[in-house]
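One-letter residues, chain by chain:
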Amino acid sequence: MPAIITYRDKTYEVEPGLTVKETLIKIGLEPQLYLAVRNGKLVTDDQPILPDDKIKLVAIVSGGS
């Protein structure tokens, strides 16, 4: 069963088994620019994508004065 990754209005259907970092690279996103959230909890880059996962990506925003 594929997993679903969403970022804003884009949805990516991905095969489970790769890590979050590997999956983001595979779909053409820079892993260091996003946080992955599964069921309201942060997913680290080294955790595998599981079957039927629904993962939301949140862009990392930095700023300062």
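Before reading on, note that the structure itself is shown above.
Residues numbered from 1 in each chain as written. Predicted model: local features only at pLDDT ≥ 70, side-chain atom pairs only at ≥ 80, totals over all residues. Heavy atoms only, no water.

Peer 1: I'd love a proper account of a nonpolar patch on the surface, names of residues and values included.
Peer 2: Among the surface-exposed residues, Leu35, Leu42, Val58 and Ile60 lie close enough to one another that they form a single nonpolar patch of about 330 Å² accessible area. Mapped onto the elements of the fold, leucine 35 is located in strand S3 (residues 34-38). The exposure class assigned to leucine 35 is partly exposed, which follows from its relative accessible area of 38%. (Patch = residues over 30% accessible without salt bridge, like charges linked within 9 Å, V, L, I, M, F, W, Y side chains within 5 Å. Areas by Shrake-Rupley, 256 points an atom, 1.4 Å probe, with all protein chains shown as cover. Salt bridge = Lys/Arg side-chain N within 4 Å of Asp/Glu carboxyl O. Helix = DSSP H or I, 4+ residues; strand = E, 2+ residues; numbered from the N terminus. Buried < 20%, exposed > 50% of the residue type's maximum accessible area, 1.4 Å probe, protein only.)

Peer 1: Please set out the environment of proline 51 residue by residue, giving values where relevant.
Peer 2: Relative to the elements of secondary structure, proline 51 occurs in the loop between strand S4 (41-43) and strand S5 (54-59). A C-alpha to C-alpha distance of 9.3 Å links proline 51 and valine 14, two positions 37 residues apart in sequence. In contact with proline 51, not counting residues within four places along its chain, are Met1 and Pro16. (Contact = heavy atoms within 4.5 Å.)

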